[in-house]
Amino acid sequence: MTTTTKTTTGRVYLTAVDQWLDSLPASESEDFREFAEVTPSVIEIWVYAGIVGYEGTFNDLSRWIKMKYTKLNRREILNSEIAALHSDIQELRMAITSGEIKGDNGCARLAALEKELRSHIETSDRMNKTTDKRGLILAGADRVMRELTAIFKDDPQFAEPIENAMNAVWSKVYSEITS
């Protein structure tokens, strides 16, 4: 859902995210846009946005991402492939049982399909565990950074060092979980 907002400068924004991005320095705004374009996870983009100072809602950011960038749903694709393989295995078993396909030929094809199915299931499990782990780590890092910001928000002497430290921690944590 887009909301049109007109500011005192006369600019019209379709979303709160566009307005927020326009308030950032150009380099930070461009870095965020590049990150949002290449990162498949909306959660990771949300966490990064929070670190850069986004205070809007998750839903607004999620809608903005869907409007601006096409994300490939790897999990959905893999699950549909698993379902198709399972169906192919069932059909092959029925063909072997009915005699349409010779037993030795069918068994070899059946073994190959079952091996491929197991591989897809393992990949799906690994993908789910990795995504869950990354999401939890990033959510924890985001929470810590938001708490630090809230604690030191009234102390200007700590604002810049805290922000620099948070950016360094974000970079380190993100590089560790993406490699």
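Above this text you will find the structure in question.
Residues numbered from 1 in each chain as written. Predicted model: local features only at pLDDT ≥ 70, side-chain atom pairs only at ≥ 80, totals over all residues. Heavy atoms only, no water.

Okay, the pattern of salt bridges next. This structure, assessed with the given rule, holds four salt bridges. In this structure, the salt-bridge partner of Arg-63 is Asp-60, at a minimum N-O distance of 3.2 Å. Of this pair, Arg-63 and Asp-60 both sit in helix H4 (residues 58-68), three residues apart, which is roughly one turn of the helix. With a shortest N-O distance of 3.1 Å, Arg-143 and Glu-147 are connected by a salt bridge. Of the two residues, Arg-143 and Glu-147 both sit in helix H6 (residues 103-152), four residues apart, roughly one turn of that helix. Judged by relative accessible area, which is 54%, Arg-143 ranks as exposed. Accessibility expressed as a relative area gives 37% for Glu-147, which makes it partly exposed. (Salt bridge = Lys/Arg side-chain N within 4 Å of Asp/Glu carboxyl O. Helix = DSSP H or I, 4+ residues; strand = E, 2+ residues; numbered from the N terminus. Buried < 20%, exposed > 50% of the residue type's maximum accessible area, 1.4 Å probe, protein only.)

Considering the arrangement of structural elements, one finds Ile-89 in helix H5 (residues 74-98). Separated by 21 residues in sequence, Ile-89 and Leu-110 place their C-alpha atoms 6.4 Å apart. When near neighbours in sequence (up to four residues on either side) are disregarded, Ile-89 contacts Leu-110, Leu-113, Glu-114 and Leu-117. (Contact = heavy atoms within 4.5 Å.)

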